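Here are the chains, one letter per residue:
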Amino acid sequence: MEQTLFEQNGGTYTQQGDYLLPNVKLPDQPESEIGIWGNRRRQFLKQNHRIKYYNMLTQCTLYPHLADIEQQAQVMFDRLVYQLSKKDGVTEKLKAENQMLWVQRMKNIRNRATEIVNAELIYT
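Right, let's talk about the pairing of strand β1 (residues 13–16) for a bit. When β1 meets strand β2 (residues 19–22), the two strands line up antiparallel, connected through 4 bridges. When the sheet's bridge partners are listed, Thr-14 is paired in β2 with Leu-21. Remark: 2 residues form the turn of the hairpin made by β1 and β2, two consecutive strands paired antiparallel; Gly-17 in that turn has positive phi of roughly 70°.

Below is the structure:
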């Protein structure tokens, strides 16, 4: 039997029942910390941009991309929370005087910052 192009290039097969399946493995990808922002981006790409997701996955560029998005999103989120709390007057003085009001306002600020980060980085 004549060898296939895959076999000519050093590929091998494994028999599974009546089928010969190629032994294909992606190269090892570097371990990186992917947090909530990276996972949101991965889910968005997987659900809405499947071709881009699988191209990045097979080219081993997905996890570096997710790590970069994670870092950018965290920096942006922290900066937005700081700026919005200054703008809205949410200070340590307010925290000492009225803790529940401070918690409510900070929760509101964090939710606004999350929506901005999602719109600007994650879901684009």
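Still more to cover.
Another point: the side chain of Thr-114. In this fold, Thr-114 is placed in helix α6 (residues 99–122). With relative accessibility at 19%, the residue Thr-114 sits in the buried group. Aside from chain neighbours lying at most four places away, what touches Thr-114 is Trp-37, Arg-40 and Phe-77.

Turning our attention to the environment of Thr-58. By the secondary structure assignment, Thr-58 is in helix α3 (residues 50–58). A relative accessible area of 47% means that Thr-58 is categorised as partly exposed. Each C-alpha atom of the pair Thr-58 and Leu-26 lies 6.9 Å from the other, and the pair is 32 residues apart in sequence.

On to unusual backbone geometry, then. You will see that Cys-60, though not glycine, has its phi angle at about 60°, which is positive. By the element assignment, Cys-60 lies in the loop between α3 and α4 (62–88).

Closest axis-to-axis distance for the α3/α4 pair is 7 Å, and the angle between their directions is 110°. Comparing their axes, α4 and α3 come out roughly perpendicular. Contact residues: α3 offers Tyr-53, Met-56 and Leu-57, while α4 offers Leu-62, Tyr-63 and His-65. Residues of the contact of α3 with α4, tallied by class, amount to 5 nonpolar, 1 polar and no charged.

Before going further, it helps to examine the nonpolar core. Counting 17 residues, the largest nonpolar core has Val-117 and Ile-122 as the members making the most contacts within it. When residues of this core are traced back to their parent elements, those giving at least two are α4 and α6. Sequence-distant contacts of Ile-122, that is, excluding residues within four places in its chain, are made with Trp-37, Arg-40, Arg-41, Phe-44, Ile-69, Ala-73 and Val-117.

Criteria and cut-off values
Residues numbered from 1 in each chain as written. Predicted model: local features only at pLDDT ≥ 70, side-chain atom pairs only at ≥ 80, totals over all residues. Heavy atoms only, no water. Pairing = 2+ DSSP bridges. Helix = DSSP H or I, 4+ residues; strand = E, 2+ residues; numbered from the N terminus. Buried < 20%, exposed > 50% of the residue type's maximum accessible area, 1.4 Å probe, protein only. Contact = heavy atoms within 4.5 Å. Axes fitted to C-alpha atoms, helices over the stretch in contact; angles between N-to-C directions. Parallel < 35°, antiparallel > 145°, perpendicular 65-115°, else oblique. Nonpolar A, V, L, I, M, F, W, Y, C, P; charged D, E, K, R; others polar. Core = buried A, V, L, I, M, F, W, Y, C linked by side-chain atoms within 4.5 Å.

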